[in-house]
Amino acid sequence: MPLAFQKRPSLVAYVTCGDPDLATTRAVVLAAIAAGADVIELGVPFSDPLADGPVIQRASERALRHGTTLEQVLKLAKEVRAQSQAGLIIFSYLNPIMRMGVEKFAAAAKDAGIDGALVTDLPVEEAAGYLAEMRKRNLATVFLAAPTSTDHRLKLVAQASSGFVYAVSRTGVTGARKQLPDDAKNLVRRLRKYTQLPIAVGFGISTPEQFAAIGKFADAAVVGSAIVETIERNHGQEAAAVAQFIKGLVAGS
Amino acid sequence: MTSQGREKQTPGRFGVYGGRYVPETLMAALEELERAYDKAKRDRKFQARLADLLHTYAGRPTPLFFAQRLTKQLGGAKIYLKREDLLHTGAHKINNCLGQALLAERMGKRRIIAETGAGQHGVATATVCALFGFECVVYMGTEDMRRQELNVFRMRLLGAEVRGVDSGSRTLKDAINEAMRDWVTNVRTTHYLLGSVLGAHPYPTMVRDFHKVIGREARAQILKAEGKLPTAIIACVGGGSNSIGIFYNFLKDKKVKLIGVEAGGRSEQLGDHAARFRGGSPGVLQGTYSYVLQDAAGQIATTHSVSAGLDYPSIGPEHAWLKDSGRAEYVPASDAEALEATTTLARTEGIIPALESAHAVAEAIKRAPRMKKSEIVMVNVSGRGDKDIGIMRENLKLD
């Protein structure tokens with residue numbers, strides 16, 4: 001099962017697709033899976049990534065410089081699916097999906113063999129149409145839960161989510177931090193009251209110690225900016241560098 | 001995604017437009033703001049304090065001025081100017097800033113962040129922060145900092161920190177992204193004082209409400225001066241706050257034409273203008289569903305306008321609804337037309353408008369000669385041109 005989360009913690013790895021190009025992204029994704037990633041978040045680059053820190057902003061700019069599109073990301077997903085059974089999630093801002101059309105997007109995602117999607121700027125209240133199209137095709141709808149979410153909101157998030165719930169470890173944009181705040185643990189505890197789904201904790205995780213620590217209270221850890229930065233720093237040998245980074249990350253747990 | 005209903009007026013929705021499209025981290029803060037605003041709206045003390053500040057501090061009511069020489073020169077409809085340029089800080093923006101500062105005070109949030117394009121909203125924000133003793137950080141694209149240098153200095157003089165934003169087109173849109181990143185990080189202690197009828201609910205409604213005073217005054221003033229309503233009201237539209245402010249109290253007067261003027265820029269090509277209703281299509285940008293200038297893959301296009309305050313790829317969701325429903329009409333004015341209108345207004349009436357407002361003046365200059373002398377055109381002069389003197393000098397060859 002693609003979103004099974006059998007390890008503890010499981011690793012959800014994020015990449016910005018098309019950074020630096022789609023062929024490299026495919027090689028990076030396959031290498032990440034081989035090195036121990038359980039689920040891959042395929043990030044769709046967007047011109048205005050307002051929830052992202054500088055690392056993913058730069059990656060999005062690089063990917064958009066040669067015109068990476070959602071359509072190309074879906075094609076890439078299909079190619080990855082042909083070679084791997086790992087979980088695949090589309091991670092996008094809403095506008096590219098809206099421009100394609102929600103129904104068309106859900107159909108294309110199903111056709112590509114994707115397991116689900118997370119739309120950063122689509123809160124549950126605005127998601128009725130999206131939920132209908134995704135559920136019709138048995139695609140997972142992952143929503144964000146934040147430390148600032150009230151209990152009422154956590155309940156809504158839990159009810160709308162399928163596959164897993166993504167708990168944002170702290171207020172802020174994406175990007176590595178030295179320490180994990182207490183926010184994350186409290187949030188997972190609060191969220192647990194409303195859901196039996198696996199909970200993945202993300203935002204700011206970059207070291208083996210942080211990764212292992214997540215396993216004590218959550219099912220999975222999402223690592224994004226640290227992987228994207230590894231890609232940025234290892235021009236020409238991105239896949240090997242990411243594989244090495246992931247092996248180091250999961251070795252301690 | 002969006003409701004399929006036709007013109008359903010639910011809170012935060014204008015027809016199908018509007019809504020609240022933000023990361024989950026901000027949702028609780030928007031709900032808190034909505035509750036605080038709903039309460040303040042019905043609180044007489046809040047309204048009385050706001051009215052007092054608008055009067056004694058900002059300088060309301062602003063005059064409605066009959067532009068006699070311009071009217072004569074154009075030879076058609078009578079032209080009246082609503083003088084928002086005479087307000088403290090030089091533009092209508094102060095109306096909204098005073099309202100939101102009072103709200104922030106009620107919510108106990110003493111750190112204020114804002115975005116600015118032309119710098120008018122940034123200056124107004126820095127001003128109210130000084131007045132209320134708040135910490136103030138203003139995000140501004142570095143391209144806008146270059147062309148609106150004087151306003152950067154004014155904000156700093158008022159004690160605000162101006163943070164340059166170097167991403168994207170380095171203009172208003174990018175400043176909003178950066179302000180949202182700050183807000184998502186410091187949401188527990190910070191109020192985001194958004195400067196236009198943009199963003200997630202409740203901003204488009206709340207900011208409009210704080211600017212409704214423009215139209216309320218203008219309606220009474222024109223009735224007093226002429227004994228009848230104007231044939232047309234013309235205002236420039238960036239995000240759309242001054243225009244919705246003057247339009248709102250006339251929405252039910254179906255005979256009054258409402259005309260919004262967008263930045264036609266230097267050509268009709270995508271990237272060369274900010275006319276959302278000429279090249280845009282519905283989409284979600286920065287929290288709201290409205291018309292957006294975008295490419296086939298849903299990436300937001302870059303924009304251009306000689307006026308930094310109109311240089312934005314989306315438009316307030318209520319304008320999208322007014323456009324679709326046919327209640328308001330939207331037309332572009334080019335950079336060149338706005339610059340020419342600036343000179344015309346300066347020389348006929350002794351009023352130098354902001355380049356934003358000059359777009360509205362340009363439309364009046366086109367339209368008035370085709371109208372009857374018994375008809376009336378009201379133009380919202382949303383801001384004064386002092387901040388644009390540098391750009392005017394670069395672009396205008398005076399004989």
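Residues numbered from 1 in each chain as written. Chains lettered and ligands numbered in written order. Predicted model: local features only at pLDDT ≥ 70, side-chain atom pairs only at ≥ 80, totals over all residues. Heavy atoms only, no water.

Helix and strand content of chain B: 15 helices and 14 strands. Expected size for 399 residues packed as a compact globule is a radius of gyration near 21 Å; at 19 Å, chain B falls within 12% of this value. Seen through its principal axes, chain B has C-alpha atoms that stretch 55 × 50 × 45 Å. Residues counted as buried form 67% of the 399 residues belonging to chain B. Taking contacts inside chain B between residues at least 6 apart in sequence as the whole, the part at least 24 apart equals 73%. (Helix = DSSP H or I, 4+ residues; strand = E, 2+ residues; numbered from the N terminus. Rg over C-alpha atoms; globule rule 2.2 N^0.38 Å. Buried < 20%, exposed > 50% of the residue type's maximum accessible area, 1.4 Å probe, protein only. Contact = heavy atoms within 4.5 Å.)

Right, let's get into the interface of chain A and chain B. Every contact between the two is made by 41 residues of chain A and, on the other side, 38 residues of chain B. Each partner contributes to the roughly 3,100 Å² buried at the junction of chain A and chain B, and carbon and sulfur atoms together form 53% of this total. Interface area lost by chain A to chain B is led by L50, R99 and E126 of chain A, which between them contribute 23%. Run the count over chain A and chain B and you get five salt bridges. (Buried area = accessible area lost by both parts, 1.4 Å probe. Salt bridge = Lys/Arg side-chain N within 4 Å of Asp/Glu carboxyl O.)

Let us look at unusual backbone geometry. Here D19 of chain A and P20 of chain A are connected by a cis peptide whose omega angle stands at 0 degrees. In this structure, P20 of chain A sits in the loop between β1 (10-16) and α1 (22-35). Cis rather than trans, the peptide bond between H201 of chain B and P202 of chain B has omega equal to 15 degrees. At F5 of chain A, a residue that is not glycine, the phi angle is positive and equals roughly 55 degrees. Within the secondary structure, F5 of chain A sits in the segment before β1. In the Ramachandran plot, R170 of chain B falls in the positive-phi region, its phi being about 60 degrees despite a non-glycine side chain. Looking at the secondary structure, you find R170 of chain B in the loop between β7 (161-165) and α8 (172-186).

Let's shift gears to the sheet that holds β1 of chain A. Paired through backbone hydrogen bonds, the strands of a sheet run either parallel or antiparallel to each other. All names here are of chain A. Read across the sheet, nine strands follow the order β5-β4-β3-β2-β1-β9-β8-β7-β6 without closing on themselves; strand pairing throughout is parallel. Looking at strand neighbours, the two that pair on one side only are β5 (140-142) and β6 (144-145), the edges of this open sheet. Of the strand pairs in this sheet, β1 and strand β9 (residues 220-223) are connected by four bridges, and their pairing is parallel. Bridged to L11 within β9 is A221. Across the face of the sheet, helix α6 (residues 128-136) comes into contact with β4 (116-119) and β5 while running at roughly 165 degrees to β4. (Pairing = 2+ DSSP bridges. Axes fitted to C-alpha atoms, helices over the stretch in contact; angles between N-to-C directions.)

Let us now look at the pairing of strand β8 (residues 199-202) of chain A. Residues and elements named next belong to chain A. Burial along β8 is two-sided: I199 and V201 facing one way and A200 and G202 facing the other are all buried. Note: strand β7 (residues 165-168) against β8, four bridges, orientation parallel. Paired with V165 across the two strands is I199, which belongs to β8. Bridge analysis of β8 against β9 gives two bridges, and the strand direction is parallel. When the bridges of β9 are listed, V201 appears paired with A221. Running through helix α9 (residues 208-215), the crossover from β8 to the neighbouring parallel element β9 is right-handed. (Right-handed = clockwise from strand over helix to strand, strands pointing away.)

Position of E125 of chain A relative to the elements: it lies in the loop between β4 and α6. For the pair formed by E125 of chain A and A160 of chain A, sequence separation is 35 residues and the distance between their alpha carbons is 9.6 Å. Excluding residues that lie within four positions of it along the chain, E125 of chain A makes contacts with R153 and L156 of chain A together with M27 and E31 of chain B. One polar contact links E125 of chain A to R153 of chain A, side chain to side chain, over a distance of 2.5 Å. (Polar contact = N/O pair within 3.5 Å; in protein donor to acceptor, adjacent residues only side chain to side chain.)

Another aspect to go through is the packing of α1 of chain A against helix α11 (residues 238-251) of chain A. In a packed pair of helices, the relevant descriptors are the angle between the two axes and the axis-to-axis distance. Residues and elements named next belong to chain A. It is the contact of α1 with α11, at a shortest axis distance of 8 Å, that shows an interaxial angle of 25 degrees. As the angle between them shows, α1 and α11 are arranged roughly parallel. At the point where α1 passes α11, the crossing takes the right-handed sense. Packed against α1, whose contacting residues are T24, A27, V28, A31, A32 and A35, the element α11 presents E238, A239, V242, A243, I246, K247 and V250 at the interface. Class assignment of the residues belonging to the contact of α1 with α11 gives a composition of ten nonpolar, one polar and two charged. (Parallel < 35°, antiparallel > 145°, perpendicular 65-115°, else oblique. Left-handed = near helix turned anticlockwise from the far one by under 90°. Nonpolar A, V, L, I, M, F, W, Y, C, P; charged D, E, K, R; others polar.)

Detailed reading of the predicted coordinates is not advisable wherever pLDDT is low. All names here are of chain B. Per-chain confidence: chain B averages 95 in pLDDT, with 97% of residues scoring 70 or above. Model confidence for chain B, summarised as mean pLDDT per element, is weakest for helix α6 (residues 142-147) at 90 and strongest for strand β9 (residues 232-236) at 99. Our summary of model confidence lists the complex with pTM equal to 0.96 and ipTM equal to 0.96. (pLDDT = per-residue confidence, 0-100.)

On to the environment of I234 of chain B, then. Residue and element names in this part refer to chain B. For I234, the location among the structural elements is in strand β9. Classification of I234 as buried rests on a relative accessible area of 0%. Taking C-alpha positions, I234 is 20 Å from P204, a pair spaced 30 residues apart along the chain. Once residues lying within four places of it in the same chain are set aside, the contact partners of I234 are I259, V261, A360, E363, A364, R367, V377, M378, V379 and N380.

Within the structure shown, the criterion is met by 53 salt bridges over all chains. Across the pair R81 of chain A and D115 of chain A runs a salt bridge whose closest N-O atoms are separated by 2.9 Å. With a gap of 34 residues between them, R81 of chain A in helix α3 (residues 70-83) and D115 of chain A in the loop between α5 (102-112) and β4 connect regions that are remote in the sequence. Judged on exposure class, the residue R81 of chain A and its partner D115 of chain A are both buried. One salt-bridge network, in which partners are shared between bridges, spans R111, E135, E161, R163 and D182 of chain B.

Once that is clear, we can look at the state of the cysteines. Residues and elements named next belong to chain B. Enumeration over the complete set of coordinates arrives at zero disulfides over all chains. C129 carries a free sulfur, and the closest cysteine sulfur to it, the one in C136, is 3.7 Å from it. Given a relative accessible area of 1%, C129 falls into the buried group. With no disulfide of its own, C236 lies 16 Å from the sulfur of C97, the closest cysteine sulfur. Taking relative accessible area as the criterion, C236 reaches 2% and is therefore assigned buried. (Disulfide = S-S within 2.5 Å.)

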